[in-house]
Amino acid sequence: MADTRFEMREIEKGFKDFYENSSLDVYRHPVGVEEIRRTLKNGSEKYLSLFHSEFCRFLTEDNFFSEGEDIAVYQHYRYMPPLPHAHDFFEVAYVLSGNFYNYIGSKSQSLPLYPGDVLILAPNTTHAVYSCNDDSIMIDVMIRTSIFDEHFMKILPDNDLLHDFFVKTLYGSSTAPWLLFKTGEDEDLKDCALNIWREHSRNKMYKNTMMVSLVSIFLVTLLRNYEKDVIIPGMNPSVMNETTIFILQYMQKNYATITLAHLAEFFNYSERQMQ
């Protein structure tokens with residue numbers, strides 16, 4: 001049953017009506033607003049207001065965050081078609097209930113998300129999200145790149161493999177634009193996510209400072225408890241275990257001398273698998 005704190009909003013009711021009454025097959029793959037508007041036929045003009053022609057495919061910090069705001073929090077619209085977009089800031093998505101599908105990258109890799117999943121998206125990553133269920137609730141935490149660099153990097157040890165991921169995504173050298181943590185329904189993380197949601201909905205003094213502190217607690221709890229459960233692009237989730245983490249740590253410790261051939265031989269993989 002849907003959380004009463006996240007009841008269906010009017011725009012979501014409109015998207016649900018579109019989903020239930022439209023013959024358009026726009027939920028099986030990412031689709032642009034222009035394509036949807038072109039295919040709407042007589043009798044379906046009422047849906048035009050749902051798909052603004054000015055929908056922005058790329059969001060910047062300047063036109064997304066309010067002045068003095070380093071962290072913004074949103075609930076993803078249920079029943080909205082998967083509209084591809086990207087932005088120049090970090091996104092941390094937490095699935096509170098239900099399930100979602102996130103198409104990521106130019107090849108639109110489909111990534112299913114379930115309760116307790118935490119998806120961290122690097123800036124400039126094209127993605128499209130959808131869910132067609134009343135009970136599906138996802139909290140999106142948007143973080144300015146500057147505050148991530150200035151504050152959140154300091155809470156990660158320099159020799160941590162995740163520190164390396166964030167450094168590379170911040171400075172544009174990463175080939176892994178996302179990380180996925182499978183946390184189940186960890187009550188501590190759920191409470192952290194809900195506290196972030198509550199604080200953002202208030203208009204109290206020191207709100208921005210409190211938001212940064214709450215997100216810090218969320219990330220520290222996540223990394224402390226689920227570092228070994230991280231799923232990295234290009235790796236089969238079924239084999240993401242301690243061996244995978246050890247491989248990444250070995251690479252980090254021996255980066256000055258390591259070669260692909262040596263790494264493959266050491267861990268008994270082919271060079272193609274290791275690459």
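Residues numbered from 1 in each chain as written. Predicted model: local features only at pLDDT ≥ 70, side-chain atom pairs only at ≥ 80, totals over all residues. Heavy atoms only, no water.

Student: Mind laying out the sheet that holds strand β2 (residues 71-75), listing which residues take part and the relevant values?
Tutor: With antiparallel pairing, 6 strands are arranged side by side in an open sheet as β2-β9-β4-β7-β10-β11. The strands lining the two open edges of the sheet, one partner per strand, are β2 and β11 (230-231). Bridge count between strand β4 (residues 90-97) and strand β7 (residues 117-121): 4 bridges; the pairing is antiparallel. Of the residues in β7, the one forming a bridge with alanine 93 is leucine 119. Against the sheet, helix α6 (residues 187-201) engages β2, β4 and β9 (137-143), with an angle of about 105° to β2. (Pairing = 2+ DSSP bridges. Helix = DSSP H or I, 4+ residues; strand = E, 2+ residues; numbered from the N terminus. Contact = heavy atoms within 4.5 Å. Axes fitted to C-alpha atoms, helices over the stretch in contact; angles between N-to-C directions.)

Student: Describe the environment of tyrosine 47, with residues and values.
Tutor: Note that tyrosine 47 resides in the loop between α2 (33-39) and β1 (58-59). Classification of tyrosine 47 as buried rests on a relative accessible area of 6%. Sequence spacing of tyrosine 47 and arginine 37 is 10 residues, and the spatial spacing of their C-alpha atoms is 8.7 Å. In contact with tyrosine 47, not counting residues within four places along its chain, are Gly14, Asp17, Phe18, Asn21 and Leu40. (Buried < 20%, exposed > 50% of the residue type's maximum accessible area, 1.4 Å probe, protein only.)

Student: An account of α6 is needed here, citing residue identities and associated values.
Tutor: Taking 1.5 Å per residue as the helical rise, α6 with its 15 residues ought to reach 21 Å, and the 21 Å between its terminal C-alpha atoms agrees with that figure. Of the surrounding secondary structure, the elements contacted by the buried residues of α6 are β2, β4, β9 and α7 (207-226). Capping the start of α6, aspartate 186 holds a side-chain oxygen 2.8 Å from the backbone nitrogen of aspartate 188, two or three residues further along. (Expected span 1.5 Å × (residues − 1). Polar contact = N/O pair within 3.5 Å; in protein donor to acceptor, adjacent residues only side chain to side chain.)

Student: Describe the sheet that holds strand β5 (residues 100-104), naming the residues involved and giving the relevant values.
Tutor: The strand order across the open sheet formed by 3 strands is β6-β5-β8, and the pairing between neighbours is antiparallel. Since the sheet does not close on itself, it has two edges, and those belong to β6 (109-113) and β8 (127-130), each with one partner. Strand-to-strand twist in this sheet, taken as the mean axis angle between neighbours without regard to direction, amounts to 20°. Where β5 and β6 come together, 5 bridges link them in antiparallel fashion. Within β6, the position partnered with tyrosine 101 by the bridge is proline 112.

Student: I'd like a description of the pairing of β5, backed by residues and values.
Tutor: Within β5, 4 of the 5 residues are buried, which leaves the element mostly enclosed by the surrounding structure. With 4 bridges connecting them, β5 and β8 associate as antiparallel partners. Bridge pairing in β8 places isoleucine 104 opposite histidine 127.

Student: Account for the pattern of salt bridges, with residues named and values stated.
Tutor: A side chain of one charge can pair with a side chain of the opposite charge when the charged atoms of the two come close. Under the criterion given, the structure shown has 11 salt bridges. A salt bridge links glutamate 187 to lysine 190; the nearest nitrogen and oxygen atoms lie 3.9 Å apart. Here the residue glutamate 187 and the residue lysine 190 both occupy positions in helix α6, the gap between them amounting to 3 residues, near one helical turn. Classification of lysine 190 as buried rests on a relative accessible area of 16%. When the shortest N-O distance is used, the salt bridge between glutamate 199 and arginine 202 registers 3.6 Å. The exposure class assigned to arginine 202 is partly exposed, which follows from its relative accessible area of 37%. A single salt-bridge network, built from bridges that share partners, covers Arg9, Glu12 and Arg78. (Salt bridge = Lys/Arg side-chain N within 4 Å of Asp/Glu carboxyl O.)

Nothing here speaks to function; it is geometry throughout.
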